[in-house]
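An overview of the molecular structure
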Amino acid sequence: MEFKFGPYRLRPFRRGDEPSIVENINDRKVERYTLNIPYPYTLEGARGWVDFNRKLERSKERTQLNLAIDLDGAVIGGIGLSAMNGHRAEIGYWLGVKYWGRGIVSGAVKTLTRYAFNELKLRRVYGKVFVVNKASARVLQKAGYKYEGRLVKDAVKHGRPVDGLLFAKTR
Ligand SMILES: CC(C)(COP(=O)(O)OP(=O)(O)OC[C@H]1O[C@@H](n2cnc3c(N)ncnc32)[C@H](O)[C@@H]1OP(=O)(O)O)[C@@H](O)C(=O)NCCC(=O)NCCS
């Protein structure tokens, strides 16, 4: 599985990705707006992530699909569908800070959403963003996701409950 958009590709994680994953993900600016990315993010953590996804690829019952955002062979970000359950899934993503603001994740979200509808035959893909995460909300809106409402105390971040904003695209 591989998708091209501009000079970027979405492709499965593979052995050897660990150093570029760590180089781009190990940043408080990435950690602070996400729920499942630790800081510091170690090489061992990256190894675990790559192995987890390699095993997942071989399993039949898939509830997640995680892809690397690749530029010239390096992993500069990640995007995935999780909680895949019948007709719907949740979309999530991150990008190395030095690549922000070039439209990369907007392109990735559009590409993966198209695949979710056309190939996976999903009917609903949703994304949840922290209220303060304006860039992520904008990414979803640019990809045609509609605002559905505020999720009060939906997540706990750094020990505190925080509100989320729910966006979804359906077909
Ligand atoms: C959110 C994130 C994925 C965006 O990636 P990106 O490739 O920089 O996004 P894009 O360039 O495609 O689009 C960003 C949009 O947000 C806008 N934006 C950026 N910062 C903003 C801010 N503070 N307020 C309002 N809009 C903002 C940009 O102008 C752009 O919109 P435009 O094209 O209309 O100008 C990236 O910042 C990131 O990895 N953040 C940390 C992890 C994260 O938040 N993950 C998502 C969790 S829900």
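Everything here concerns the structure above.
Below or above, wherever it landed, is the structure these notes cover. Source: prediction; values computed, not measured.

Here we take up the nonpolar core. Counting residues in hydrophobic clusters, the biggest one holds 36 residues, and the most contacted among them are Ile69, Ile79, Tyr93, Ala108, Val109 and Leu112. For this core, the element with the most residues is helix 4 (residues 104–118), which contributes 6 residues. The residues touching Ala108, leaving out its near neighbours within four places in the chain, are Phe5, Leu10, Ile69, Ile79 and Tyr93.

We now examine unusual backbone geometry. Here the bond from Tyr39 into Pro40 is cis, since omega is -5°, no more than 30 degrees from zero. With respect to the helices and strands, the residue Pro40 is situated in the loop between helix 2 (28–31) and helix 3 (43–58). Of note in the backbone geometry, Asp72 takes a positive phi value of approximately 55° without being a glycine. Even without glycine at this site, Ala83 takes up a positive phi of about 50°. For Ala83, a count of 12 C-beta atoms within 10 Å corresponds to the exposed category.

Another point: the site of the ligand. Neighbouring the ligand are 20 residues, the closest being Tyr33, Val105, Ser106, Lys134 and Ala135. Sorting the residues of the shell around the ligand by element identifies strand 5 (88–95), helix 4 and helix 5 (134–142) as the ones contributing at least two each. No other element matches the 5 residues that helix 5 contributes to the shell around the ligand. Counted by class, the shell around the ligand contains 11 nonpolar, 6 polar and 3 charged residues.

Inspection of the secondary structure puts Tyr115 in helix 4. Linking Tyr115 and Phe3, residues 112 residues apart in sequence, is a C-alpha distance of 9.3 Å. If sequence neighbours within four positions are ignored, Tyr115 has contacts with Phe3 and Leu120.

Looking now at the sheet that holds strand 6 (residues 124–130). Read across the open sheet, the 8 strands follow the order 1-2-3-4-5-6-8-7; overall the sheet is mixed. The outermost strands of the open sheet, each flanked by one partner alone, are strand 1 (3–5) and strand 7 (146–157). Across the sheet, the mean angle separating the axes of adjacent strands is 25° when strand polarity is ignored. As paired strands, strand 7 and strand 8 (residues 160–170) are joined by 8 bridges and run antiparallel to one another. Pairing of Tyr147 across the sheet is with Phe167, part of strand 8. Of the strands in this sheet, strand 1, strand 2 (8–11), strand 3 (65–71), strand 4 (74–85), strand 5, strand 6 and strand 8 touch helix 4, which is tilted by about 160° from strand 5.

On to the pairing of strand 2. Residues Tyr8 and Leu10 line the buried face of strand 2, whereas the alternating positions Arg9 and Arg11 sit on a face that is not buried. Where strand 1 and strand 2 come together, 3 bridges link them in antiparallel fashion. Across the sheet, the residue bridging to Phe3 is Leu10, located in strand 2. Following strand 1, the chain reverses through 2 residues before pairing antiparallel with strand 2; Gly6 in that reversal takes a positive phi of roughly 60°. Both strand 2 and strand 3 contribute to a ladder of 4 bridges, which runs antiparallel. Bridge assignment links Leu10 to a residue of strand 3, and that residue is Ile69.

Parameters and conventions
Residues numbered from 1 in each chain as written. Predicted model: local features only at pLDDT ≥ 70, side-chain atom pairs only at ≥ 80, totals over all residues. Core = buried A, V, L, I, M, F, W, Y, C linked by C-beta atoms within 7 Å. Buried ≥ 20, exposed ≤ 12 C-beta atoms within 10 Å, placed from the backbone. Helix = DSSP H or I, 4+ residues; strand = E, 2+ residues; numbered from the N terminus. Contact = placed C-beta atoms within 7 Å. Near = placed C-beta within 6 Å. Nonpolar A, V, L, I, M, F, W, Y, C, P; charged D, E, K, R; others polar. Pairing = 2+ DSSP bridges. Axes fitted to C-alpha atoms, helices over the stretch in contact; angles between N-to-C directions.

Function-wise, these values are silent; they only describe arrangement.
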